[in-house]
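One letter stands for each residue in the lines below.
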Amino acid sequence: MATCLASTGGAHAQTEILNVSYDPTRELYREINAAFAEEWKAKTGETVTVRAAHGGSGAQARTVIDGIPADVVTLGIPSDIDAIAKLSKKIPGDWRTKLPNEGLPYTSTVVFLVRKGNPKAVKDWDDLAKPDVKVITPNPKTSAGGRWNFLAAWGYAYERDGKDKEKANAFVGQLYKNVPVLDTGARGSTVTFAQRGLGDVLPTWENEAFLVLEEFGKDKFDIVVPPTSIYAEPPVALVDANVDKKGTRKQAEAYLQFLYSDRAQAIFAKHHYRPIKREAAKPEDLAQLPEIKLFKIEDLQGSWDDIQKANFDNGGLFDQLSRAGR
Amino acid sequence: MVEPVNPRLRFRQRSVIPGFGLTLGYTLTCLGLVVLLPLATLVVKASGLGFSGIWDVATDPRVASALRVSFGVSLLAALTASVFGGIVAWVLTRYDFPGRKLADAVVDLPFALPTAVAGIALASLYAPNGLVGAQLAKIGIEAAYTPAGIFIAMVFIGLPFAVRTVQPLIAEIDKEVEEASAILGASRITTLLRVVLPPLIPAVLTGFALAFARGVGEYGSIIFIAGNLPYVSEIAPLLIVIKLSEFDYAGASAIAVIMLGISFVTLLAINLIQAWSRRRFGYV
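An account of the accompanying structure is given in this report. (Residues numbered from 1 in each chain as written. Chains lettered and ligands numbered in written order. Predicted model: local features only at pLDDT ≥ 70, side-chain atom pairs only at ≥ 80, totals over all residues.)

### Quick word on the interface of chain A and chain B
- Across the contact, 21 residues belong to chain A and 21 residues belong to chain B.
- Elements with a minimum of two residues in the side of chain A that touches chain B: α3 (57–65), α4 (78–88) and α17 (317–324) of chain A.
- Of the residues in the side of chain A that touches chain B, the class split is seven nonpolar, seven polar and seven charged. (Contact = placed C-beta atoms within 7 Å. Helix = DSSP H or I, 4+ residues; strand = E, 2+ residues; numbered from the N terminus. Nonpolar A, V, L, I, M, F, W, Y, C, P; charged D, E, K, R; others polar.)

### Some remarks on the pairing of strand β2 (residues 48–53) of chain A
Residue and element names in this part refer to chain A.
- Of the pairings in the sheet, the one linking strand β1 (residues 15–21) to β2 comprises six bridges and is parallel in character. The residue of β2 that forms the bridge with Glu16 is Thr49.
- In the classification by handedness, the crossover that spans β1, the intervening helix α2 (residues 26–44) and the parallel β2 is right-handed. (Pairing = 2+ DSSP bridges. Right-handed = clockwise from strand over helix to strand, strands pointing away.)

### Observations concerning the environment of Leu289 of chain A
All names here are of chain A.
- Among the structural elements, Leu289 can be located in the loop between α14 (283–287) and β11 (293–295).
- Judged by C-beta crowding, with 21 C-beta atoms within 10 Å, Leu289 ranks as buried.
- Separated by 124 residues in the primary sequence, Leu289 and Lys165 have C-alpha atoms spaced 30 Å apart.
- Ignoring any residue separated from it by four or fewer positions in sequence, one finds Leu289 in contact with His272 and Arg274. (Buried ≥ 20, exposed ≤ 12 C-beta atoms within 10 Å, placed from the backbone.)

### Quick word on the sheet that holds strand β7 (residues 221–224) of chain A
All names here are of chain A.
- Sheet architecture is open: three strands sit in the order β6-β5-β7, paired in antiparallel fashion. Bordering the open sheet on either side are β6 (201–205) and β7, each of which pairs with just one other strand. Direction aside, neighbouring strands of the sheet carry axes that sit 30° apart on average.
- Of the strand pairs in this sheet, strand β5 (residues 110–115) and β6 are connected by five bridges, and their pairing is antiparallel. What sits directly across from Val111, in β6, is Thr204.
- In the packing of helix α9 (residues 186–194) onto the sheet, contacts are made with β5 and β6, and the angle to β6 comes to roughly 150°.
- Here helix α10 (residues 206–216) sits on the sheet in contact with β5, β6 and β7, set at roughly 120° to β6. (Axes fitted to C-alpha atoms, helices over the stretch in contact; angles between N-to-C directions.)

### Observations regarding the pairing of β5 of chain A
Residues and elements named next belong to chain A.
- In terms of burial, β5 is largely enclosed, as five of its six residues are buried.
- By the bridge criterion, four bridges tie β5 to β7 in an arrangement that is antiparallel. Looking at β7, one finds that Arg115 is bridged to Phe221.

### Notes on the environment of Asp240 of chain A
Residue and element names in this part refer to chain A.
- Following the sequence through the fold, Asp240 ends up in helix α11 (residues 240–246).
- Counting along the chain gives twelve residues from Asp240 to Ala252, while the straight-line C-alpha distance between them is 9.7 Å.
- Those residues within four positions of Asp240 in sequence are excluded, and the remaining contacts are Lys90, Ile91 and Pro92.

Given below as structure tokens:
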């Protein structure tokens, strides 16, 4: 899909930049891109079109490595941008230092979506590992959202059990025994849970949970906010090698800077992402994002390199748990 | 002066139809570019691991289990599709009934339908809250999100192959042969088993091989209905996608090469049986 989007451009006199993004941001970037085009036109008189390609975060990273002419990437998890930097060198290794707040114009977290009235009384991460609860979550190997869910559950157990790694691993193993379906992406899990009626709880991106309420009706599902959850970091970065080749560095850099502007920050909040400048957002949007105790996974497990390797690479914790659980 | 060429030394027999050289060249170029080159690239990518590396991938318990699921279920599904496809083909060619043309056209739908659409349709039908799934759930059968779901999807996409390969042969069977068999005193069952079915066997095998190959390679429709649990309902093509998301190109190619190898051996075996059955039963 991204290939088609990319190849339709180029022949026009106007500038076009391509934002390769992850799955649930379709609605968000439609609005952001229109707003940026308007501001850029007013400021420079130049017409710029921002195209966005969406898909699973890891798959999107791979299309950039394989040569999609992305100007910027806005992905679901830092390790996917690290992979582009490491495997293709199209992004410098220190990309997290190039933009404010470690390349995070907004953050998010993981909350629970349950069936109306919460029949299984799910309140906290503990409840997800109970034997009679079915949990729907995407495969952490293929989905960034799936990785955040995995890390959130791990971090919760680690903090609860006095920072004991073994106990945290066991808890996550217990939780994944309750998973009857592993979809490849967050949207797939949403469909399995909301449309197919499978499972009791869907741990998911906060913004995705709100989207389900809006799409499927508030009378079918409830959002349960756990007392603690993870500080989810969907970062953005400039693809240096591509913008230099295409001559779009000026516009692409301005686009990334725009994400930190008050206008974009308000749009993030409107779409249920957590803006880093809370003062720019509308109070009623902020009111929907409850205060949760958020932990940063780097504080518990070290660098993203280590996190990726220990949990999700071949032979990592997820592989060990699925082997033990069979 | 042109020497007359000894016909025995000639590379090929002169054909009445001209253009052999041109068309052969064209065929080889197409085959090379479209089929052999990608396969060669695959092998080159995988060869980065070396033979022992590929062996390690093949014997990894998770890969082995995915391969078992993929090949085992496709085998079962192809068998089922062949049996029921044969019956469908028989009914569509031998009987005339209102709506026959329509039913005949419907058989091709799985060919034309995007596989993802098929997967979504099957999943919503067989899910515990779906039309069929709810009934099955009452008697304690879980279809969607188990290996049974994979089986259903593979039968669905394999059925048209089984029907379409057998249909022309059934149409060709002379009614007189059956009549002769009856006149000579054979019972209806004997006529069916010894007169009607044997000449169909090569075509049934072709349909079986096509349905099997299609099932092994299928990804789009299956992931929607399989459940995708490691060691349970994870198919090999999904494992390839997972390897790719780990940026493990060599590992992904290794699984692909293993699948290619198994498929090649299976199809070769089916072809040999087919050649044997052609000699045995004549026809086609």
